[in-house]
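A look at the structure
Read off the chains here:
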Amino acid sequence: MNATVSTAIFGGFMVLTVALGLLAVRGRAAGGGLAEWSVGGRSLGTVFIWVLMAGESYTSFSYLGAAGWGYNFGAPVLYVLAYMSCGYALGYVVGPMLWAYARRHRLVGITDMVAHRYRAPWLGAAVAVLATVCLLPYIQLQITGMGVVVSTISYGAISLNWAYFIAFAVTTGFVVISGLRGSAWVSVLKDVLVIATLGFLAVYVPLHYFGGYGPFLHRITAEKPQWLTFPGHASGGLGPVWFITTTVVNSLTVVIFPTTVAGYLGARNAEVLRRNALYLPFYNVLLFVPMLLGMAALFVVPGLVGADSNLALFKLVVDSLPAWAVGLTGVAAALSSIVPMAVFMLVIGTMWGRSVLGARANPGIGAGEASGDGGRRTDGGRQKLWSQVVVVVAGALALALTYTAPDTLVRLSLISYEGMAQLVPMLLLGLVWRRLTLRAAVSGLVAGFALVCVLVFGGHDPVGGMNAGIVALAVNVAVALGVTWLGPRDADGRPDAEVLALDDEFPRDGGLPRDGAAGPTASS
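Predicted, not measured: the structure shown is a model, and the values here were computed from it.

1. Observations concerning the overall build of the chain
Counting its secondary structure elements, the chain contains 23 helices and 0 strands. Going through the 524 residues of the chain one by one, you find that 58% of them count as buried. Contacts in the chain between residues far apart in sequence, at least 24 positions, make up 84% of those at least 6 positions apart. Just so you have it, the chain exposes about 19300 Å², and 68% of that area is on carbon and sulfur atoms.

Shown next, in the form of structure tokens:
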């Protein structure tokens with residue numbers, strides 16, 4: 001009976017999820033271009049941008065990994081709160097800058113931006129391949145996370161293999177048709193459930209198992225004090241230096257992560273992004289809940305080891321709550337997999353459809369945004385079609401590897417964030433400093449990414465207590481600066497307004513540049 005109730009609730013919400021995703025594009029032209037599909041037509045307001053970007057940050061890791069880290073290590077898990085909060089602060093500046101640059105030149109992602117900045121379409125294609133290597137593991141991890149959640153909350157009635165397929169099918173079902181707008185609509189449902197379920201658990205678990213927060217916290221300090229100080233319990237040396245360096249490198253990375261940039265570019269205007277940067281940290285408060293509940297599970301379900309420690313929170317839920325509450329909590333966790341997975345798939349599709357498979361199209365014109373040129377619109381329609389095909393292929397590949405070779409993508413996930421960090425100089429430094437040359441940016445990227453791979457796969461992360469990503473990033477910047485100063489300068493006769501992200505490109509209301517022109521395109 002418990003399995004029937006919980007599974008029925010889960011199934012009903014999955015149908016509602018697909019319906020919401022499809023309703024998001026009701027009344028909009030079926031032939032909307034790539035910009036409409038990939039960045040919501042650059043028309044999303046504060047609420048939709050807030051729930052969308054919160055959805056990207058609050059994934060299945062929040063229910064599984066955060067609780068598991070709290071259960072296994074304790075204090076080091078707080079790095080998640082630290083880097084996300086610092087990243088939001090950086091996003092207050094970086095988000096509007098990237099939004100204005102992309103809108104001015106009709107761009108739809110980071111691959112477009114680097115191709116336009118350095119006048120090198122091949123570089124956009126190369127960055128698309130690199131970013132895909134770093135993003136694909138996240139799709140697999142979300143599929144795996146949702147599979148574990150669904151199998152657990154169904155009391156084993158739904159097998160892991162079927163749960164994996166449900167994750168893929170539901171996400172693909174709406175994202176191919178509705179794109180970023182559909183993800184934003186589903187994020188609203190997800191956030192309502194996440195806030196409600198975690199708010200309830202934050203009160204219920206300490207009261208039910210310990211008699212309140214006072215006795216719970218007293219027991220932790222008395223019996224598990226090593227969980228409350230660095231480097232934590234059995235964490236392998238994740239001390240204060242690791243915490244600080246990881247916070248720095250991850251906060252830099254998160255603002256240029258392709259999925260974050262997709263959220264930036266979907267905004268109606270720059271002011272939406274500034275408000276969003278102020279509001280997002282409030283959502284981070286919720287992350288304390290699974291972290292604390294993971295430590296609470298130390299006393300309720302002791303002895304969890306390996307992957308089972310990621311189920312610390314759900315062991316508490318399944319053991320003590322009625323089936324309908326288990327079902328709702330599971331739906332919230334499942335949607336926390338579906339929303340980010342949808343954005344990951346959409347971004348990979350956009351990068352490949354735009355910069356790799358659609359590279360022959362005019363490189364600066366967003367699909368559906370060109371004016372009076374039927375050929376450009378045809379290019380945009382073709383790019384959108386290729387992007388949708390790649391979405392299905394990327395999701396199917398991640399699903400197939402989840403079934404057949406799960407360790408392949410898990411190993412790649414080790415370099416995901418640290419690898420993406422190596423794009424920071426090429427993108428951010430390049431958009432504010434004209435002297436950074438193509439040769440220098442590529443040299444720094446190659447040096448930094450190669451060093452990350454050597455350090456991480458060689459088992460040298462942390463390096464002297466420091467995150468390997470920040471060591472590689474320092475080498476990346478040093479190489480880029482050295483090649484810029486010592487090597488030949490690029491012959492680029494374009495004005496600064498064409499190359500750099502200038503603060504005064506767009507007024508705060510998101511209108512056209514002050515001279516009233518639409519701005520030059522990347523093909524100028």
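2. A word on unusual backbone geometry
The omega angle of the peptide bond from F230 to P231 is 5°, so this bond is cis rather than trans. Residue R106 is not a glycine yet carries a positive backbone phi of 60°. Relative to the assigned elements, R106 resides in the loop between α6 (79-105) and α7 (110-117).

3. Notes on the packing of helix α9 (residues 160-210) against helix α14 (residues 288-300)
Angle between the axes and distance between the axes: these two values describe a pair of packed helices. Interhelical geometry of α9 versus α14 gives an angle of 25° and a closest axis separation of 10 Å. The orientation of α9 relative to α14 falls into the category roughly parallel. The chirality of how α9 crosses α14 is left-handed. When α9 is examined against α14, the residues L198, L201, A202, V205, Y209 and F210 are found in contact with a partner set consisting of V289, P290, L293, A296, F299 and V300. In the contact of α9 with α14, the residues fall into 12 nonpolar, no polar and no charged.

4. What to know about the state of the cysteines
Counted under the stated rule, the structure contains 0 disulfides. In this model C453 remains outside any disulfide bridge; the closest cysteine sulfur is found in C134, 8.2 Å from its own.

5. A few points about the nonpolar core
If you look at the biggest cluster of nonpolar residues, it comprises 163 residues, and the most contacted ones within it are Y63, L98, M113, I139, L423 and M426. When neighbours within four sequence positions are excluded, Y63 is seen to be in contact with Y58, V194, T197, L198, N310, L313, F314, T329, A332, A333 and S336.

6. A word on helix α1 (residues 2-23)
Counting along an α-helix, one turn takes 3.6 residues, and residues three or four places apart therefore face a common direction. Its 22 residues give α1 an end-to-end C-alpha distance of 32 Å, which sits within 8% of 32 Å, the value for a rise of 1.5 Å per residue. Here α1 has its buried residues at S6, F10, F13, M14, T17, L20 and G21. The buried residues of α1 occupy an angular sector of 125° when projected down its axis, which confines them to one face. With respect to the buried face of α1, the exposed residues turned more than 90 degrees away are T4, A8 and V15. Tucked inside the fold, the buried residues of α1 contact α8 (121-153), α9 and α16 (323-356).

7. So, a nonpolar patch on the surface
A contiguous nonpolar patch, built from Y92, V93, L278, Y279 and F282 and spanning about 550 Å² of accessible area, is present on the exposed surface. Of all the secondary structure elements, the ones that give two or more residues to the nonpolar patch are α6 and α13 (270-284). Examining the composition of the nonpolar patch, we find that 3 residues originate from one element, α13, more than from any other. In this structure, Y279 sits in helix α13.

8. Side note on the confidence of the model for the chain
The predicted coordinates ought not to be read in detail in places where the model reports low pLDDT. The share of residues in the chain with pLDDT of 70 or more is 89%, and the mean pLDDT across the chain is 85. The model gives residues 360-376 a pLDDT under 50, and that stretch makes 39 contacts with residues more than four places away or in other chains. Here residues 504-524 is a poorly scored stretch, pLDDT under 50, and it has 45 contacts once near neighbours within four places are set aside; other chains count.

9. Points about the packing of aromatic side chains
Summed over the entire model, instances satisfying the criterion amount to 20 aromatic pairs. Taking 5.5 Å as the distance between ring centres and 50° as the angle between the ring planes, the aromatic pair formed by W69 and Y79 counts as tilted. Taken together, the residues W69 in helix α5 (residues 65-72) and Y79 in helix α6 connect sequence positions 10 residues apart. Given the relative accessible area of 21%, W69 is considered partly exposed. Where Y164 meets Y403, the ring centres are 6.0 Å apart and the plane angle is 55°; that geometry is what we call tilted.

10. Describing the side chain of N476
Its location among the elements puts N476 in helix α22 (residues 468-486). In terms of polar contacts, N476 uses its side chain to reach the backbone carbonyl oxygen of G444, at 3.4 Å. When residues no more than four places from it in sequence are discounted, the contact partners of N476 are Q422, P425, G444, L445 and G448.

11. Quick look at the packing of α1 against α8
At their nearest, the axes of α1 and α8 sit 9 Å apart, and the two run at 140° to each other. Considering their axes alone, α1 and α8 lie oblique with respect to each other. From α1, S6, F10 and M14 reach across to α8, where they touch M146, V150 and I153. Split by residue class, the contact of α1 with α8 holds 5 nonpolar, 1 polar and no charged.

Rules behind the numbers
- Residues numbered from 1 in each chain as written.
- Predicted model: local features only at pLDDT ≥ 70, side-chain atom pairs only at ≥ 80, totals over all residues.
- Heavy atoms only, no water.
- Helix = DSSP H or I, 4+ residues; strand = E, 2+ residues; numbered from the N terminus.
- Buried < 20%, exposed > 50% of the residue type's maximum accessible area, 1.4 Å probe, protein only.
- Contact = heavy atoms within 4.5 Å.
- Areas by Shrake-Rupley, 256 points an atom, 1.4 Å probe, with all protein chains shown as cover.
- Axes fitted to C-alpha atoms, helices over the stretch in contact; angles between N-to-C directions.
- Parallel < 35°, antiparallel > 145°, perpendicular 65-115°, else oblique.
- Left-handed = near helix turned anticlockwise from the far one by under 90°.
- Nonpolar A, V, L, I, M, F, W, Y, C, P; charged D, E, K, R; others polar.
- Disulfide = S-S within 2.5 Å.
- Core = buried A, V, L, I, M, F, W, Y, C linked by side-chain atoms within 4.5 Å.
- Expected span 1.5 Å × (residues − 1).
- Arc of directions from axis to C-beta.
- Patch = residues over 30% accessible without salt bridge, like charges linked within 9 Å, V, L, I, M, F, W, Y side chains within 5 Å.
- Salt bridge = Lys/Arg side-chain N within 4 Å of Asp/Glu carboxyl O.
- pLDDT = per-residue confidence, 0-100.
- Phe/Tyr/Trp six-rings, centres within 6.5 Å; stacked < 30°, edge-to-face > 60°.
- Polar contact = N/O pair within 3.5 Å; in protein donor to acceptor, adjacent residues only side chain to side chain.

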